[in-house]
Structures are given as C-alpha cells and as structure tokens.
Amino acid sequence: AQTVTQSQPEMSVQEAETVTLSCTYDTSENNYYLFWYKQPPSRQMILVIRQEAYKQQNATENRFSVNFQKAAKSFSLKISDSQLGDTAMYFCAFMKQATASKLTFGTGTRLQVTL
Amino acid sequence: DAGVIQSPRHEVTEMGQEVTLRCKPISGHNSLFWYRQTMMRGLELLIYFNNNVPIDDSGMPEDRFSAKMPNASFSTLKIQPSEPRDSAVYFCASSLWAGEGQPQHFGDGTRLSIL
C-alpha cells in the first residue's frame with residue numbers, strides 16, 4: 001500500500017515571498033503520478049499541479065512548481081510570489097499507474113499568507 | 001463547462017435517518033469517485049466507478065453505506081441508518097478514463113452532520 005506524508009501541519013509566509021511545502025511518499029511502484037491539491041476555506045478541492053513519475057522534468061504551473069526527487073521519493077511544492085489567495089490547505093496525493101486509479105492523500109499542510 | 005455538481009451542500013439530520021447524497025460528474029468523464037474527509041482520518045476513498053460499474057468499494061465503512069451509478073451522469077451515496085460518526089464532508093470527483101494519471105476534478109462537497 002502507498003503512503004503519503006506531509007510533515008508540516010502549518011506554515012506561514014509573507015505576501016510576495018516564496019514558500020516550499022514538503023511531501024514524501026512510500027511505494028514499490030516504478031511508474032505513478034503525483035498531485036498537489038489546494039483546499040481554500042470555501043472547501044473546494046482544486047488541482048494545483050500534476051507530475052508524471054517517468055518524467056524527470058519538474059512540472060510548473062505559473063507561480064507553482066515542484067521539486068520531484070524520485071529516488072528520495074520526495075515531491076515538494078514551491079509557491080513563488082505568494083498571494084493572499086494562496087491561503088489554504090494543501091494536499092499531496094499519489095496515484096498508481098492504472099486506469100482511473102484512486103488518489104491517496106497526505107494529511108495536508110495549512111498555509112497562511114500574511115501581509 | 002459545468003464542474004462536478006453535488007447536492008445538497010449541507011445536510012443536518014438525526015441519527016437513524018436515511019441520508020442520500022447526490023453527484024453529477026463532468027460530462028464525458030467515465031470515472032467517478034466518492035471520498036470522505038474527516039479531521040481524524042483525512043481524505044479517504046469510499047468507492048469508485050468506471051463506466052457506471054463499481055470497481056473498488058473496499059473503503060466503504062460498513063453495510064450502512066451504499067453507492068449507485070445508474071447512468072453516466074448521476075451517482076448517489078446512501079447511508080441508512082445514519083450515525084453521528086458519519087458526520088464528515090463527502091466529496092464526489094470525476095475523471096476521464098481514457099488514459100492514465102488523469103486528474104480528478106472534485107465537487108464542492110456535502111457537509112453532513114448527524115445529530
């Protein structure tokens with residue numbers, strides 16, 4: 001079974017600064033997918049970024065980028081130029097390489113962006 | 001395009017009552033997932049369907065829970081009889097089946113409170 005660990009329950013960053021959220025996972029699979037989801041106070045689950053394990057290049061979506069280290073089983077999320085709207089819970093998630101496989105989530109990191 | 005639509009957004013009911021949660025996936029998506037979010041257990045998969053067929057229901061807590069997908073545009077999650085420990089936010093998500101690692105798109109969730 002796969003496990004996902006987010007070791008930072010809470011983090012804080014000032015507006016316009018950069019913050020990195022950590023995620024590690026445990027799996028015996030060689031091919032898989034990793035995701036970061038954002039859950040603002042409104043409760044929605046919003047996809048932030050997706051990474052394919054067989055791609056060495058780190059995924060980037062505007063101000064969001066990942067540092068994917070397959071050997072270390074690490075998948076951190078970097079948020080650049082933080083904005084107040086980035087305040088949310090952030091969940092790291094793992095998906096096996098199988099058609100429509102389920103997501104296994106970490107426990108989340110609560111990020112507060114301050115003025 | 002409309003996203004995943006869940007109803008009701010909030011449900012408060014008394015212990016022992018039947019509860020039915022509803023979900024309309026994104027048009028064209030072949031896979032549908034029901035997740036539950038609690039403080040104690042985080043986000044966990046209850047059941048998922050491919051092409052309206054249940055594939056994995058190992059996360060369904062007990063026989064009081066049942067889920068159906070009578071057609072490609074509608075699914076229900078039913079709890080009968082409900083108990084206070086069923087209080088949680090229930091999310092429905094959908095994704096494309098064609099291809100692997102397809103992101104799951106979530107509805108806004110139903111906050112269920114059992115008194």
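Going by the structure above, here's the rest.
Summarised in this report is the structure supplied together with it.

Right, let's talk about the interface of chain B and chain A for a bit. On the chain A side, the residues contacting the 24 residues of chain B number 20 residues. Across the interface of chain B and chain A, roughly 1900 Å² is buried in total on both sides, 54% from carbon and sulfur atoms. The tally of links from chain B across to chain A stands at zero salt bridges. Scanning the region where chain B abuts chain A turns up ten residue pairs in polar contact (both at pLDDT 80 or more). Within the residue set of the side of chain B that touches chain A, elements represented by two or more residues are strand 4 (31-38), strand 5 (42-50), strand 9 (88-95) and strand 11 (110-114) of chain B.

Residues and elements named next belong to chain B. Here strand 7 (residues 65-71) runs beside strand 8 (residues 74-79); their pairing, made up of five bridges, is antiparallel. What sits directly across from K68, in strand 8, is T76. Taking the residues between adjacent antiparallel strands as the criterion, strand 7 and strand 8 are bridged by two residues.

The subject of this paragraph is the packing of aromatic side chains. By convention here, two paired aromatic rings are described through the distance between centres and the angle between planes. According to the stated counting rule, one finds 16 aromatic pairs over all chains in the structure shown. Here F91 of chain B and F106 of chain B contribute two aromatic rings whose centre-to-centre distance is 6.0 Å and whose plane-to-plane angle is 80°, an arrangement assigned as edge-to-face. With F91 of chain B in strand 9 and F106 of chain B in strand 10 (residues 105-106), this residue pair connects regions lying 15 residues apart in the sequence. Pair check on accessibility: F91 of chain B and F106 of chain B agree, each one buried. Connected via pairs of aromatic rings, a cluster forms that spans F35, Y37, F91 and F105 of chain A together with F33, Y35, Y48, F91 and F106 of chain B.

This paragraph deals with the nonpolar core. One finds Y25, W36, F75, L77 and Y90 of chain A to be the most contacted residues of the largest nonpolar core, which totals 25 residues. In terms of residue count, strand 10 (residues 88-96) of chain A provides more of this core than any other element does, four residues in total. The residues touching F75 of chain A, leaving out its near neighbours within four places in the chain, are C23, Y25, L34, F35, W36, Q51, V66, N67, F68 and C92 of chain A. The next biggest cluster of nonpolar side chains, apart from the first, holds 21 residues, and it includes L32, L46, I47 and C92 of chain B.

Within this structure, the stated rule accounts for two disulfides over all chains. Paired by a disulfide, C23 of chain A and C92 of chain A hold their sulfur atoms 2.0 Å apart. A torsion of -70° about the S-S bond marks the disulfide between C23 of chain A and C92 of chain A as left-handed. Of this pair, C23 of chain A sits in the loop between strand 3 (19-21) and strand 4 (24-26) while C92 of chain A sits in strand 10; the two residues are 69 residues apart in sequence, bridging distant segments of the chain. For C92 of chain A, a relative accessible area of 0% gives the class buried. Note on cysteine connectivity: C23 of chain B is disulfide-linked to C92 of chain B, with sulfurs 1.8 Å apart. Here C23 of chain B and C92 of chain B share a disulfide; its torsion about the S-S bond, -70°, makes the bridge left-handed. Residue C23 of chain B is located in strand 3 (residues 19-24), and its partner C92 of chain B is located in strand 9; the two are separated by 69 residues in the primary sequence.

Parameters and conventions
Residues numbered from 1 in each chain as written. Chains lettered and ligands numbered in written order. Predicted model: local features only at pLDDT ≥ 70, side-chain atom pairs only at ≥ 80, totals over all residues. Heavy atoms only, no water. Contact = heavy atoms within 4.5 Å. Buried area = accessible area lost by both parts, 1.4 Å probe. Salt bridge = Lys/Arg side-chain N within 4 Å of Asp/Glu carboxyl O. Polar contact = N/O pair within 3.5 Å; in protein donor to acceptor, adjacent residues only side chain to side chain. Helix = DSSP H or I, 4+ residues; strand = E, 2+ residues; numbered from the N terminus. Pairing = 2+ DSSP bridges. Phe/Tyr/Trp six-rings, centres within 6.5 Å; stacked < 30°, edge-to-face > 60°. Buried < 20%, exposed > 50% of the residue type's maximum accessible area, 1.4 Å probe, protein only. Core = buried A, V, L, I, M, F, W, Y, C linked by side-chain atoms within 4.5 Å. Disulfide = S-S within 2.5 Å.

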